[in-house]
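Spelled out from the first residue to the last, the chains are:
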Amino acid sequence: MTLLDTTGVRAAGSEGEALLDVRGLQRHFPLRKGLLRRQYAAVQAVDGVDLQVRAGETVGLVGESGCGKSTTGRLLVRLDEPTGGSNRFDGRDITHLSQRQLRPLRRDVQIVFQDPYSSLNPRHSVGQIVGAPLRLQKVQTPHGTRRAVQDLLALVGLNPEHYNRYPHEFSGGQRQRIGIARALALRPKLLICDEPVSALDVSIQAQVVNLLEDLQSEFNLSYLFIAHDLSVVRHISDRVAVMYLGRIAEQAPRVELYDSPMHPYTKALLSAVPVPDPDEREARERIRLTGDVPSPVSPPSACRFHTRCWKARDLCSTVTPPLLEVAPGHQIACHFPEPATPEATAWAHASSDLDEQVRGDAAAAADLERRLAEGATPVTIASGTDAGRGARRGSSTSG
């Protein structure tokens, strides 16, 4: 198989099968002080993330700055060691593999970094940068490494004659294309795109996004596209996950999430997206959240959004809402979702009944949290039937 031959590249399962399956992923950074450097607290950057990416699919990961998006991306590609949870890639648990065991995995999982200026070594030529994965993995190419690198440069829209140039001779968009070429050198199955267009102007953003879509069509790549630009995410993603303070708040197919958001945080986030039509902009409700984003060192109890949520009740501060499926393919971690569908309305009504039952009763609240964690829903608990317990949790591959 030549470097640019796609025959046999897709070793993953058929379409619809989870290529990446993450459950309860955590990364806590310890805070230490004193002569003995004892830990006194921890930054809970990522705290229980559940996420799946199918073969050939693009999943967008959005949220405010500091919510843990980039840390999640680094954990998935194993540039950082997770504190807890599991990370399975192509059916194999890679959560705690050693660096030696990870070396073969590097062929299948690559990352495109956010900053096209600092992610390229200024002392290395483009040929050295793009060819480094081939040399490190000892990949034999039919016509040599130089020819393979030139083919990659042409693939991402750069002149093959740029082989001997250095990063400072390129614009920001061209540097990002060099980073993409480096990530594609080993023909990975999954690309983690960590805000790949945030440092670029709008016209260059469109070029890079279109390039990523063309490459996905050609090589059947899977993307985890991390960004805070909701318009870009809407354009490129098949499914979207919304992250808040280290946890997934909501995930759903793109159209459903943008047209009918159920989590209050998602609704507030989407209301901040600029609208070019003046009439539509005036008619739209703008939701302004009060208060500051809590510190990940001491996050709020139970639902982490309850300190800023206009729908919060006692239940939100005492019982942690797990990520459960409200409608087919649509998951939220919220007791009182927006009434976007009949299912969400019934969910909120059931939670209102449960709020009355557990108010002021710590034991009842703990029992409710346990049942929700096991997969029961507010609707089944309020009605007295916990049928299908566990069947609807974490099923983000549906839809």
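On a predicted model such as this, the values are computed, not experimentally measured, just so you know.

Visitor: Mind showing me how you'd approach the overall build of the protein chain here?
Guide: The helix and strand inventory of the protein chain stands at 14 helices and 12 strands. Per-residue burial for the protein chain yields a buried fraction of 52% across its 399 residues. Carbon and sulfur atoms make up 48% of the accessible area of the protein chain, which amounts to about 18000 Å² in all. Across the protein chain, the 47 positively charged side chains and the 46 negatively charged ones have centroids separated by 9 Å.

Visitor: I would appreciate a short explanation of the packing of helix α3 (residues 126–136) against helix α4 (residues 144–155) in the present structure.
Guide: Each pair of packed helices can be described by the angle between their axes along with the distance between the axes. Their axes nearest at 9 Å, the elements α3 and α4 cross at an angle of 110°. Here α3 is positioned roughly perpendicular relative to α4, judged by the angle of their axes. Along this stretch, α3 crosses α4, giving a crossing that reads as right-handed. Contacts from V126, G127, V130, G131, L134 and R135 of α3 reach α4 at T145, A148, V149, L152 and L153. Residues that form the contact of α3 with α4 fall into these classes: seven nonpolar, three polar and one charged.

Visitor: Even after reading the chapter, I still don't get the pairing of strand β3 (residues 58–62), so can you show me in this structure?
Guide: The side chains of a regular strand alternate, residue by residue, between the two faces of the sheet. Across the five residues of β3, five count as buried, placing the element largely inside the fold. Alignment of β3 against strand β8 (residues 222–226), held across four bridges, turns out to be parallel. By the bridge assignment, T58 is partnered in β8 with Y223. Where β3 lies against strand β9 (residues 239–244), four bridges are found, and the strand directions are parallel. Bridge pairing links L61 to A241 in β9.

Visitor: What am I meant to see in the pairing of strand β10 (residues 247–253) here?
Guide: In terms of residue burial, β10 counts as a mostly covered element, since six of its seven residues are buried. Taken together, the six bridges between β9 and β10 define a ladder with antiparallel strand orientation. Residue pairing in the sheet places V240 in a bridge with A252 of β10. Between the antiparallel neighbours β9 and β10 lie two residues, among them L245 with a positive phi of about 50°. Alignment of β10 against strand β12 (residues 330–332), held across two bridges, turns out to be antiparallel. Residue pairing for β12: E250 is matched across the bridge by I332.

Visitor: I tried to follow helix α5 (residues 172–184) on my own but got confused; where do I start?
Guide: For an α-helix, 3.6 residues make a turn, and residues three or four places apart therefore share a direction. Taking 1.5 Å of rise per residue, the 13 residues of α5 would be expected to cover 18 Å, and the 19 Å separating its terminal C-alpha atoms lies within 8% of that figure. Counting buried residues in α5 gives 12 out of 13 residues, a clear majority hidden from the surface. All buried positions along α5 are accounted for by G172, G173, R175, Q176, R177, I178, G179, I180, A181, R182, A183 and L184.

Visitor: How do you make sense of helix α12 (residues 342–358) when you look at a structure like this?
Guide: Taking 1.5 Å of rise per residue, 17 residues should cover 24 Å, and α12 covers 25 Å from first to last C-alpha, within 8% of that figure. Regarding α12, the residues found buried are A344, W347, A348, A350, S351, S352, L354, D355 and V358. In this structure, the buried side of α12 is in contact with α11 (314–318), β11 (324–327), α13 (362–373) and α14 (378–382). Taken from the residues just after α12, G360 is the one with a positive phi, measuring 75°.

Visitor: Before we go on, may I ask you to explain the side chain of Q216 in this structure?
Guide: Residue placement: Q216 occurs in helix α6 (residues 202–219). Engagement of the side chain of Q216 in a polar contact is seen with the backbone oxygen of G56, the distance being 3.5 Å. In contact with Q216, not counting residues within four places along its chain, are G56, E57, T58, L221, S222 and Y223.

Visitor: What is the right way to read the pattern of salt bridges from this model?
Guide: Should their charged atoms come close, side chains of opposite charge can pair. Going through the model one piece at a time under the given rule, you end up with 20 salt bridges. The shortest N-O distance in the salt bridge between R54 and E57 comes to 3.1 Å. Summarising the burial analysis for this pair, R54 and E57 share the class buried. A salt bridge links E374 to R370; the shortest N-O distance between them is 3.2 Å. With a relative accessible area of 34%, E374 lands in the partly exposed category.

Visitor: What's the story with the packing of α5 against α6 in this structure? I'm lost.
Guide: Two elements in contact, α5 and α6, have axes whose closest approach is 10 Å; the angle formed by their N-to-C orientations is 20°. In terms of orientation, α5 lies roughly parallel with respect to α6. The two elements α5 and α6 cross, and the hand of that crossing is right-handed. Contact with α5, carried on its side by G173, Q176, R177, I180 and L184, involves I204, Q207, V208, L211, L212 and L215 of α6 and no other residues of that element. Classifying every residue of the contact of α5 with α6 gives seven nonpolar, three polar and one charged.

Visitor: How do you make sense of the sheet that holds strand β5 (residues 92–93) when you look at a structure like this?
Guide: Two strands in a sheet stick together by hydrogen bonds in their backbones, pointing the same way (parallel) or opposite ways (antiparallel). Strand order across the open sheet formed by four strands is β2-β1-β4-β5, with antiparallel pairing between neighbours. Edge positions in the sheet fall to β2 (38–54) and β5, since each of these pairs with one other strand and no more. For strand β4 (residues 84–89) and β5, the ladder comprises two bridges, and the chain directions are antiparallel. Looking at β5, one finds that R88 is bridged to D93. Here helix α1 (residues 69–76) sits on the sheet and contacts β1 (18–33), β2 and β4; the angle it forms with β1, its principal contact strand, is near 115°.

Visitor: What am I meant to see in the confidence of the model for the protein chain here?
Guide: Interpreting fine coordinate detail is not advised for predicted regions of low pLDDT. This prediction gives the protein chain a mean pLDDT of 87; 92% of its residues lie at or above 70. Across residues 1–15 the pLDDT falls below 50, and counting only partners more than four positions away or on other chains, this stretch makes 33 contacts in the model. Confidence drops under a pLDDT of 50 for residues 395–399, and excluding neighbours within four residues, the segment shows 16 contacts in the predicted structure.

Definitions and limits used
- Residues numbered from 1 in each chain as written.
- Predicted model: local features only at pLDDT ≥ 70, side-chain atom pairs only at ≥ 80, totals over all residues.
- Heavy atoms only, no water.
- Helix = DSSP H or I, 4+ residues; strand = E, 2+ residues; numbered from the N terminus.
- Buried < 20%, exposed > 50% of the residue type's maximum accessible area, 1.4 Å probe, protein only.
- Areas by Shrake-Rupley, 256 points an atom, 1.4 Å probe, with all protein chains shown as cover.
- Lys, Arg positive; Asp, Glu negative; His and termini not counted.
- Charge placed at Lys NZ, Arg CZ, Asp CG, Glu CD.
- Axes fitted to C-alpha atoms, helices over the stretch in contact; angles between N-to-C directions.
- Parallel < 35°, antiparallel > 145°, perpendicular 65-115°, else oblique.
- Left-handed = near helix turned anticlockwise from the far one by under 90°.
- Contact = heavy atoms within 4.5 Å.
- Nonpolar A, V, L, I, M, F, W, Y, C, P; charged D, E, K, R; others polar.
- Pairing = 2+ DSSP bridges.
- Expected span 1.5 Å × (residues − 1).
- Polar contact = N/O pair within 3.5 Å; in protein donor to acceptor, adjacent residues only side chain to side chain.
- Salt bridge = Lys/Arg side-chain N within 4 Å of Asp/Glu carboxyl O.
- pLDDT = per-residue confidence, 0-100.

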